[in-house]
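Residue-level structural notes
Listed below, chain by chain, are the residues.
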Amino acid sequence: MKIGPILAAVALAAFLVVRRRKLEPTLLIGGGLVVLGLLVYGSGLVEMPDFKKIVEDAGDTLGKWTYLVVGVMAFFETGAFVGLIAPGETFLIFGGVVAGQGTISLVVLIAITWTCAVLGDLASYAAGRKLGRGFLVKHGPKVQITEERIHQVEGFFDRHGGKAIFLGRFVGLVRAVNPFLAGSSGMPLRRFLPYDILGAGAWATMLLVLGYIFWQSFDQVLEWAERGTLALGTVIVVLAAVFTAYRHFRVEENRDKAGAWMDRQLDRPVLKPVAFFVRPIGRWAKGPLTFFWNRITPGELGLELTTLLTFAAVGSFALIGNAIELRDRTLLTGDDTAHRWADKIRSDTLDDVARAVTHLGSLTAVLIATVLTIIVLVIRRQVIDSVALAIGLLATFIGVHVAKGAVDRPRPSDSLVSTDGMSYPSGHAAYAMTWIAIAVVLTRTLPGLARTTAAIIASIVVAVAVGLTRVYLRAHYLSDVLGGFGLGATTFSICGMGALVVAFLRHNGSRT
């Protein structure tokens, strides 16, 4: 008889009994099966199967089909409410395990899963907008969406507001119904999408990386499991403590009480030397900390800040993900295909057009445009925006050269324009993001002149056109261009977030 598994079964059974009214049926059934399995194994009646061999065989059988399986499940998780029946976390963790075996690429799997998760949410959101809440109440019970469950999710919305879109991605019951109710409640797409992209990206990346790391350390995991459940218990206790602290300090009154208690401790004679340094730092940090607590925590932050954070997340993934892939490969997915397509449509006229358009992504062109924009902003006393734009371009310039040196990827052969330096990421593509940053800044500061959708669309068209010309002219690979877009989006988004924080603090300071 093995005491460890039996104790674990008793603890899990007690948890399921205590929480039976709040857990989903699938979790209760799954938990019951785990309890039964632990009891049987602990009794010594059966031996544990070779899980490592089972997983290896499954990974070899699926191979690259894992991309499709995990992507489809991520889509249907919310797109067809499948998450209420078969939790998608299982498929994502399995996909990470297969990637850990080296059969498929973890970076590509994250990109596919992230995209499919967002598309599934958008499909559910669109269905909610078209069909409304009444459809869910009428037909929901067929897929285990009872009216009681709908009330639970709506209560989650009421308690958490906008951040329910982000946090709901990590709650099984809420995740499957969240997008539909967001659409049926009339939440604007421009508000829903940034939170959804952040949540889907964090959810997919966390679970896939968890599976990947699990497989890389599979032998150690088995060893820990054989030694007992101390590590698992420790993790549960730590997570519970963090969650409890978050819920406690989410209430402003509790934060004030904690601050008052800290002040009383610092008033003690023995802590006077510490207080001399801590109090000035606390007074200086109070404004930023309050801002980040009230507006950076998902759901409470402003729409502009959320959108910029989304662009930074997607951009950094494009930049870093491709760089990681290039450590072991010369060409990435789409690189060779893009050049073949370019060769098929090549003509003298297109060559001349591409050479002209590609100059819009040169450092000289964007520098001139940036200087002219800064002059306009300074005249209108928009100093913070002008500084953010300037720092964004400078950070992009530095980032391009640092990344080129770090990745050290050679240029494509037979380029139709003169090139120098390494290939990844594309400097022209990164600098072309400046046009989008300029359009965004101008639409915020010159509403009578440029606050139109056309300005943003035109700037995006310019950036995309520059990127396509770099591939067409064989100056870069497609992955170089995507990495350049990612770098530019990241640097300008971070600078934009910094500008919003400074403007907020400045505005609050002027009122006190």
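Residues numbered from 1 in each chain as written. Predicted model: local features only at pLDDT ≥ 70, side-chain atom pairs only at ≥ 80, totals over all residues. Heavy atoms only, no water.

**Here we look at the environment of Tyr212**
The topology assignment puts Tyr212 in helix α10 (residues 189-216). According to the relative accessible area criterion, Tyr212 is partly exposed, its value standing at 28%. Separated by 112 residues in the primary sequence, Tyr212 and Gly100 place their C-alpha atoms 4.5 Å from one another. Look past the residues within four positions of Tyr212 in its chain and what remains in contact with it is Gly96, Val97, Ala99, Gly100 and Leu106. (Helix = DSSP H or I, 4+ residues; strand = E, 2+ residues; numbered from the N terminus. Buried < 20%, exposed > 50% of the residue type's maximum accessible area, 1.4 Å probe, protein only. Contact = heavy atoms within 4.5 Å.)

**Brief notes about the packing of aromatic side chains**
A complete count under the given rule lists 3 aromatic pairs for this structure. Taking the centre distance of 5.3 Å and the plane angle of 85 degrees together, the rings of Phe75 and Phe76 count as edge-to-face. For Phe75, a relative accessible area of 26% translates into the label partly exposed. With a relative accessible area of 36%, Phe76 lands in the partly exposed category. Aromatic pair Trp114 and Phe317: ring centres 5.7 Å apart, planes at 70 degrees, arrangement edge-to-face. Of this pair, Trp114 sits in helix α6 (residues 106-139) while Phe317 sits in helix α15 (residues 303-325), placing them 203 residues apart in sequence. (Phe/Tyr/Trp six-rings, centres within 6.5 Å; stacked < 30°, edge-to-face > 60°.)

**Examining the environment of Arg355**
Mapped onto the elements of the fold, Arg355 is located in helix α17 (residues 348-358). Residues Arg355 and Leu416, spaced 61 residues apart in sequence, show a C-alpha to C-alpha distance of 8.7 Å. Beyond its immediate chain neighbours, meaning those up to four positions away, Arg355 contacts Leu416, Val417 and Leu473.

**Side note on the packing of α17 against helix α22 (residues 453-472)**
Remark: α17 packs on α22, axes separated minimally by 9 Å, with the N-to-C direction vectors making an angle of 130 degrees. By the angle between their directions, the pair α17 and α22 is classed as oblique. Pair α17 / α22 crosses with left-handed handedness. Of the residues in α22, those in contact with Leu350, Asp351, Ala354, Val357 and Thr358 of α17 are Ala465, Val466, Thr469, Arg470 and Tyr472. Residues of the contact of α17 with α22, tallied by class, amount to 6 nonpolar, 2 polar and 2 charged. (Axes fitted to C-alpha atoms, helices over the stretch in contact; angles between N-to-C directions. Parallel < 35°, antiparallel > 145°, perpendicular 65-115°, else oblique. Left-handed = near helix turned anticlockwise from the far one by under 90°. Nonpolar A, V, L, I, M, F, W, Y, C, P; charged D, E, K, R; others polar.)

**Looking at the side chain of Glu325**
Along the chain, Glu325 falls in helix α15. Overall, the relative accessible area of 12% leaves Glu325 in the buried class. Among the polar contacts listed, one links the side chain of Glu325 to the side chain of Ser105, at a separation of 2.8 Å. Polar side-chain contacts of Glu325 include one of 3.0 Å to the side chain of Arg329. Excluding anything up to four places from it in sequence, Glu325 contacts Ser105, Val107, Val108 and Leu332. (Polar contact = N/O pair within 3.5 Å; in protein donor to acceptor, adjacent residues only side chain to side chain.)

**Looking at the pattern of salt bridges**
Counted by the stated rule, this structure contains 8 salt bridges. We note a salt bridge from Asp336 to Arg340, for which the minimum N-O separation is 2.5 Å. Note that Asp336 and Arg340 are positioned in helix α16 (residues 335-345) at a spacing of 4 residues, about one turn of the helix. In this structure, Asp343 and Arg474 form a salt bridge, with 3.7 Å as the shortest nitrogen-oxygen distance. In this pair, Asp343 sits in helix α16 while Arg474 sits in the loop between α22 and α23 (478-511), placing the two residues 131 residues apart along the sequence. The partly exposed category is assigned to Asp343, whose relative accessible area is 41%. According to the relative accessible area criterion, Arg474 is buried, its value standing at 16%. One network of salt bridges, in which partners are shared, links Asp343, Arg346, Asp351 and Arg474. (Salt bridge = Lys/Arg side-chain N within 4 Å of Asp/Glu carboxyl O.)

**A short note on the confidence of the model for the protein**
Overall, the predicted model of the protein reaches an average pLDDT of 77, with 66% of residues at or above 70. Within the model, the stretch residues 224-237 combines pLDDT values under 50 with 1 contact to residues more than four positions away or in other chains. Here residues 291-301 scores under 50 on pLDDT; set against residues more than four positions off or in separate chains, the count is 30 contacts. (pLDDT = per-residue confidence, 0-100.)

**Focus on unusual backbone geometry**
Cis geometry is found at the peptide bond from Tyr424 to Pro425, where omega equals -5 degrees. Within the secondary structure, Pro425 sits in the loop between α19 (383-407) and α20 (427-445). Positive phi, normally seen in glycine, also occurs at Arg381, with a value near 60 degrees. In this model, Arg474 sits at a positive phi of 60 degrees, which is unusual for a non-glycine residue.

**With respect to a nonpolar patch on the surface**
On the surface, a nonpolar cluster with roughly 1000 Å² of combined accessible area is contributed by Leu363, Leu367, Ile368, Val371, Leu372, Ile375, Ile379, Leu394, Phe397, Ile398 and Val402. Of all elements in the fold, only α18 (363-379) and α19 reach the threshold of two or more residues within the nonpolar patch. Ranked by the residues each element gives to the nonpolar patch, the list is headed by α18, at 7 residues. With respect to the secondary-structure elements, Ile368 resides in helix α18. Since its relative accessible area comes to 49%, Ile368 is described here as partly exposed. (Patch = residues over 30% accessible without salt bridge, like charges linked within 9 Å, V, L, I, M, F, W, Y side chains within 5 Å. Areas by Shrake-Rupley, 256 points an atom, 1.4 Å probe, with all protein chains shown as cover.)

**Things to note about α18**
Taking 1.5 Å of rise per residue, 17 residues should cover 24 Å, and α18 covers 24 Å from first to last C-alpha, within 8% of that figure. Among all positions in α18, only Val366, Ala369, Thr370, Thr373 and Leu377 are buried. Seen from one end, α18 has its buried residues packed into an arc of 100 degrees, which puts them on one side. Of the exposed residues in α18, the ones pointing more than 90 degrees away from its buried face are Thr364, Leu372 and Ile379. Of the residues trailing α18, Arg381 is marked for its positive phi of about 60 degrees. (Expected span 1.5 Å × (residues − 1). Arc of directions from axis to C-beta.)

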